[in-house]
Structures are given as C-alpha cells and as structure tokens.
Amino acid sequence: MNQNYHIDWMTLLHVGAGFSPKTSLPRMFDNWNEVRVDIDPSTKPHIVASMTRMPSVDAGTIDAVWSSHSLEHLTAADVRVALSEWLRVLKTDGFAFVTLPDLMQAARLVANGKATEVLYVSPAGPVTAIDMIYGHGGAIAKGQTYMGHRTGFTSETLGQTLVDAGFDRADVWVEGLSLWAMGYRSEASWERYGRKHSS
C-alpha cells in the first residue's frame, strides 16, 4: 500500500523506475535518497502510480525528478500533465532531469538508409532508428504495447516543452543517440543546479 512520503533533504523521485538498479542512476544522484515510482507493481516500486498522477507524494517535497526513457511513452497531452505533476512535487529550488531518444538523430539515420541497422543492444534487445521513433519493436511484438512511443522530441522541442509546462528554464544537450535535459523549477534551482555550474 502506498504511503504519503514526507521527504527529507536530497530526495530523488525516480519516475518510470522499472527494474533498473540504483547503480544505473546518473552519478550526481549517488548519495541521494531514491524514491521509486512505477505503474507496474511487479517492479516493486515504493509508489505504484502513473507519472501523470502521484497523489501519495506531497507537494513541494522532492529535490529532483529523474526520468529515463519514459516521457516518450506518453501522448503529447499527457507529457504536459506529467510535467505539471513533477512541478507540483518539486521543491521551489528543485529540478527535473530526463533522458530519451533524440528524434533528430533517428531522422538522420532513416534519411541515410539506416532505419533498421542495429545501433546498440539494450536489456530489451537490439535497438534501431525505427525503435527510437516508434518504440522497441521486439518488446511490442511480445505484447508489451506500453513500450510503444506516443511522442518524441528534438533538443529544441524538449526544451520548449519543459518551459511551456512551467519550468523556469531548461538546459538540453545531446549525447550519442539520446537527448538529456534539466528543467529548473525556479531561478533558485538554476543557480543551485544549473548545468553550467556543475560541469
């Protein structure tokens, strides 16, 4: 049963945690208290909930929200709802940190005739540019339809989406085939955690 989380200092809300081990978190979160949220109870999260609605997490209690390859599984409308929910739970000086496929990179691969070329092998199996766009085909073929992608982003659209949802500002960058972004809830969170200050 979910309990209300009254969070202490340096708490990370890991949304869409799945079965990922703590060692897979970005290094900046090494000493943080991780609270795991997932819609699938079989992953044994602390909180069973959708990232679009987390009523058992009190408003203004979270230092950072981390999401790896989850937002693209939502519709564009639900992305906005999720980001609003993240803003609700974040402290005034909190931030959101996300990574997901870079549609610009995927489009370049498709345009260069490499749509089905294996780019890397994930725990779910080989990943192609088509998988980056539509979701992991192998998992979907096994009935895991939630692995389908319902939206996608470029560096420009991801940053604008964070700001449009209410984040004060956003840093977005590309590493390999992925987009990475930090959305800062306020000027205070930018001053404290801004990427230019932490590099």
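Coordinates for the structure precede this section.
Since the model is a prediction, treat every value here as computed from it, not as a measurement.

Participant: Sorry if this is basic, but what is going on with the nonpolar core here?
Facilitator: Side chains of nonpolar character tend, in soluble globular proteins, to be buried together. With 30 residues, the main nonpolar core has Leu 13, Met 54, Val 65, Leu 71 and Trp 86 as its most contacted residues. Residue contributions to this core peak at 6 residues, all from helix H1 (residues 76-89). Discounting residues that sit within four places of it in the chain, Val 65 has contacts with Leu 12, Leu 13, Val 15, Trp 86, Val 89, Leu 90, Phe 95, Ala 96 and Phe 97. Judged by nonpolar contacts, the second largest core, of 15 residues, contains Leu 12, Ala 64, Met 182 and Trp 190.

Participant: Even after reading the chapter, I still don't get the packing of aromatic side chains, so can you show me in this structure?
Facilitator: Going through the model one piece at a time under the given rule, you end up with 11 aromatic pairs. With centroids separated by 5.8 Å and ring planes inclined at 45°, the aromatic side chains of Phe 97 and Trp 180 adopt a geometry described as tilted. With Phe 97 in strand E5 (residues 90-101) and Trp 180 in strand E9 (residues 178-184), this pair connects stretches of sequence that are 83 residues apart. Just as Phe 97 is buried, Trp 180 falls in that class too. Put simply, the rings of Phe 29, Trp 32, Trp 66, Phe 95, Phe 97, Trp 173, Trp 180 and Tyr 193 touch in pairs and so form one group of aromatic residues.

Participant: Looking at this structure, how should I read the pairing of strand E4 (residues 62-68)?
Facilitator: Within a regular strand, the side chains alternate between the two sheet faces. Burial of E4 is extensive: 6 of the 7 residues sit out of reach of the surface. Of the pairings in the sheet, the one linking strand E1 (residues 11-15) to E4 comprises 4 bridges and is parallel in character. Directly across from Val 15, in E4, lies its bridge partner Ser 67. For the crossover that starts at E4, traverses H1 and ends in the parallel E5, the hand is right-handed.

Participant: It is not clear to me how the pattern of salt bridges should be interpreted in this structure. Could you clarify?
Facilitator: If the charged atoms of two oppositely charged side chains come close together, the side chains can form a pair. Taken as a whole and assessed by the stated rule, the structure comprises 6 salt bridges. Notably, a salt bridge pairs Glu 34 with Arg 36, separated by 3.0 Å at the nearest N-O pair. In this structure, Glu 34 and Arg 36 share a single accessibility class: buried. A single network of salt bridges, built from pairs that share partners, joins Asp 168, Arg 169 and Glu 187.

Participant: Is there a simple way to explain the sheet that holds E4 in this structure?
Facilitator: Across a sheet, paired strands are connected by hydrogen bonds in the backbone, their directions being either parallel or antiparallel. Pairing within the open sheet is mixed, and its 7 strands lie in the order E3-E2-E1-E4-E5-E9-E8. The sheet is open, and its two borders are formed by strand E3 (47-48) and strand E8 (169-175), each paired with just one other strand. Bridge count between E8 and E9: 7 bridges; the pairing is antiparallel. Within E9, the residue paired with Val 172 across the bridge is Ala 181. Helix H5 (residues 155-165) contacts E5, E8 and E9 of the sheet and is inclined by roughly 155° relative to E8.

What counts, and at which threshold
Residues numbered from 1 in each chain as written. Predicted model: local features only at pLDDT ≥ 70, side-chain atom pairs only at ≥ 80, totals over all residues. Heavy atoms only, no water. Core = buried A, V, L, I, M, F, W, Y, C linked by side-chain atoms within 4.5 Å. Buried < 20%, exposed > 50% of the residue type's maximum accessible area, 1.4 Å probe, protein only. Helix = DSSP H or I, 4+ residues; strand = E, 2+ residues; numbered from the N terminus. Contact = heavy atoms within 4.5 Å. Phe/Tyr/Trp six-rings, centres within 6.5 Å; stacked < 30°, edge-to-face > 60°. Pairing = 2+ DSSP bridges. Right-handed = clockwise from strand over helix to strand, strands pointing away. Salt bridge = Lys/Arg side-chain N within 4 Å of Asp/Glu carboxyl O. Axes fitted to C-alpha atoms, helices over the stretch in contact; angles between N-to-C directions.

So far we have only geometry, and geometry alone does not tell us how the molecule works.
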